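# Descriptive analysis of the structure
Here are the chains, one letter per residue:
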Amino acid sequence: MNILRLGLIGCGRISKNHFESIARIDEASIVSCCDIDLTKAKESSIKYKIPSFYSNYVDMFDKENLDAIIICTPSGLHPEIGIEAAKKKLHVITEKPIGIRLTEIDELIKTCDHNRVHLFVVKQNRLNATMQLLKRAIDKNRFGKIYMVQSNVFWQRPQSYYDLAKWRGTWEFDGGAFTNQASHYVDALYWLIGEVDSVMAQTATMERKIETEDSGCAILKFRNGVIGTINVSMLTYPKNFEGSITILGERGTVKIGGIAVNQIEKWEFSDYDDDDKFILESNYQPPNVYGLGHLPYYKNVVESLLGNKEGLIDGRSGRKSLEIIQAIYLSAKTGRKIPLPLTY
Ligand SMILES: NC(=O)c1ccc[n+]([C@@H]2O[C@H](COP(=O)([O-])OP(=O)(O)OC[C@H]3O[C@@H](n4cnc5c(N)ncnc54)[C@H](O)[C@@H]3O)[C@@H](O)[C@H]2O)c1
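All of the points below concern the structure found in this document. The structure presented is a predicted model; accordingly, all values stated were derived computationally and were not measured.

Basis of the calculations
Residues numbered from 1 in each chain as written. Predicted model: local features only at pLDDT ≥ 70, side-chain atom pairs only at ≥ 80, totals over all residues. Helix = DSSP H or I, 4+ residues; strand = E, 2+ residues; numbered from the N terminus. Rg over C-alpha atoms; globule rule 2.2 N^0.38 Å. Buried ≥ 20, exposed ≤ 12 C-beta atoms within 10 Å, placed from the backbone. Contact = placed C-beta atoms within 7 Å. Pairing = 2+ DSSP bridges. Axes fitted to C-alpha atoms, helices over the stretch in contact; angles between N-to-C directions. Parallel < 35°, antiparallel > 145°, perpendicular 65-115°, else oblique. Nonpolar A, V, L, I, M, F, W, Y, C, P; charged D, E, K, R; others polar. Left-handed = near helix turned anticlockwise from the far one by under 90°.

A few words now on the overall build of the chain. On a plain count of helices and strands, the chain comes out with 11 helices and 14 strands. In terms of overall size, the chain behaves like a compact globule, its C-alpha atoms giving a radius of gyration of 20 Å where 344 residues would be expected to give roughly 20 Å. Referenced to the eigenvectors of the C-alpha coordinate spread, the extents of the chain come out at roughly 60 × 45 × 40 Å. In the chain, buried positions account for 47% of the 344 residues. Long-range pairs, those at least 24 residues apart, make up 68% of the contacts in the chain with a sequence separation of at least 6.

This is the structure we're talking about:
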């Protein structure tokens, strides 16, 4: 069997989900890992039985015979690492967000296109059983006309979380609560409801000693007329409380809640559908707010790289949430309603 050879860059907190997911997929293997902190790369190599490790990803690209790379570094570095890999004809799988600045993100997409390599962005929440059910209900038109959508991301990130690494809470490498913690939720609103027409927002750094926002609210007007709101705070006392999406439609009301869209709290439609039987079994308890989606996400990526399936979340789709988030920041800064698409 042809096994895909992957190299992982950035052996920090989220890398565990990648090492453990790929270990459960027969058609792919992480053959090398890299971290600027060589001790971390070495520790991962021992723990997950990865044959080689590096402190410099360019060395890894040159010396290893790779098919694709996985980027798990601070977000602001995703585009430059992806561009370097694409130039070497390596497929790129990057953690969310795809990047921080749209110019760099566009350069990454262009370079991947030019070199005919795939670009995947990890948006594992789309694959939650709960979210798949909701998406199916929309696709089957069970709501009729959708009027409103609301998302709340009420989590707790203490100062000690931001102090874990210098990149956290900076504009250059992280972005704020919208870019880091809420980006899955902004992505979900785009994926479920569609293109956004304009954005109005307020953001604030109320408590944490960081450059970026710890809290904010945005109103989204979608092109199909739906009005959406998204409320985000990392100051929720005393711990993560809610990660939810509520949809109000002509013939249906649904709230997917729990701490990370893992629990269907309201599911009511005028007409019965066989999917209604799966509501209870789709609820699950995630080990943390990252959820359990990395494995199904990778199954799709690997199938796509082997040419058997269409990739679910490519660079262009991954870019959408970042564009909406950039519009949120621009609105908060200028006090204006910001129309999309953005021209920079
Ligand atoms: N999909 C999700 O739900 C999810 C969850 C958590 C984090 N993330 C994303 O994953 C990324 C990493 O987050 P984290 O919490 O693991 O951060 P982290 O700080 O724990 O890990 C980042 C690692 O990258 C290394 N690194 C930095 N610069 C590097 C370089 N030039 N070359 C090689 N290694 C480098 C650091 O030394 C560190 O070990 C972020 O983009 C974050 O948004 C996604």
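That shown, we press on.
A few words now on the pairing of strand E4 (residues 68–71). A two-sided burial pattern is seen for E4, the buried positions comprising Ala68 and Ile70 on one face and Ile69 and Ile71 on the other. The sheet contact formed by strand E1 (residues 4–9) and E4 spans four bridges and is parallel. Residue pairing in the sheet places Leu8 in a bridge with Ile70 of E4.

With that settled, the discussion passes to the sheet that holds strand E3 (residues 52–54). On the basis of which strands lie adjacent, the open sheet formed by six strands has the order E3-E2-E1-E4-E5-E6 and parallel pairing. Whereas interior strands pair on both sides, the edge strands pair on one side only; in this sheet they are E3 and strand E6 (119–121). On average, each strand axis in the sheet is tilted by 25° relative to the strand beside it, whichever way the strands run. Packed on one face of the sheet, helix H1 (residues 15–22) meets E1, strand E2 (28–34) and E4 and runs near 150° to E2.

What follows is about the sheet that holds strand E11 (residues 242–249). Taken together, eight strands build an open sheet; the order of strands is E13-E12-E11-E7-E10-E9-E8-E14 and the sheet is mixed. The outermost strands of the open sheet, each flanked by one partner alone, are strand E13 (263–269) and strand E14 (338–339). Most of the contacts of helix H6 (residues 129–139) go to strand E12 (residues 252–257), to which it runs at about 160°, and overall it touches E12 and E13. Seen against the sheet, helix H8 (residues 183–193) touches strand E7 (146–154), strand E8 (196–204), strand E9 (215–222), strand E10 (227–233) and E11 and runs at an angle of roughly 165° to E7.

Between helix H5 (residues 102–114) and helix H11 (residues 315–334), the shortest axis-to-axis distance is 11 Å and the interhelical angle comes to 170°. If you check the angle between H5 and H11, you find them roughly antiparallel. Taken together, the residues of H11 that come into contact with H5 (itself represented by Leu102, Ile105, Leu108, Ile109 and Cys112) are Gly315, Arg316, Arg319, Leu322, Glu323 and Gln326. Each residue belonging to the contact of H5 with H11 can be placed in one class, and the counts come to six nonpolar, two polar and three charged.

To continue, consider the environment of Ala182. Within the element layout of this structure, Ala182 appears in the loop between helix H7 (159–162) and H8. In this structure Ala182 touches Val153, Ala177, Ile230 and Val232, once residues within four positions along its chain are discounted.

What follows concerns the packing of H1 against helix H10 (residues 294–305). It is the contact of H1 with H10, at a shortest axis distance of 9 Å, that shows an interaxial angle of 60°. Accordingly, the angle class assigned to the pair H1 and H10 is oblique. Crossing hand, H1 versus H10: right-handed. Here Asn17, His18, Ser21 and Ile22 of H1 lie close against H10, whose contacting residues are His294, Leu295 and Tyr298. Of the residues in the contact of H1 with H10, the class split is three nonpolar, four polar and no charged.

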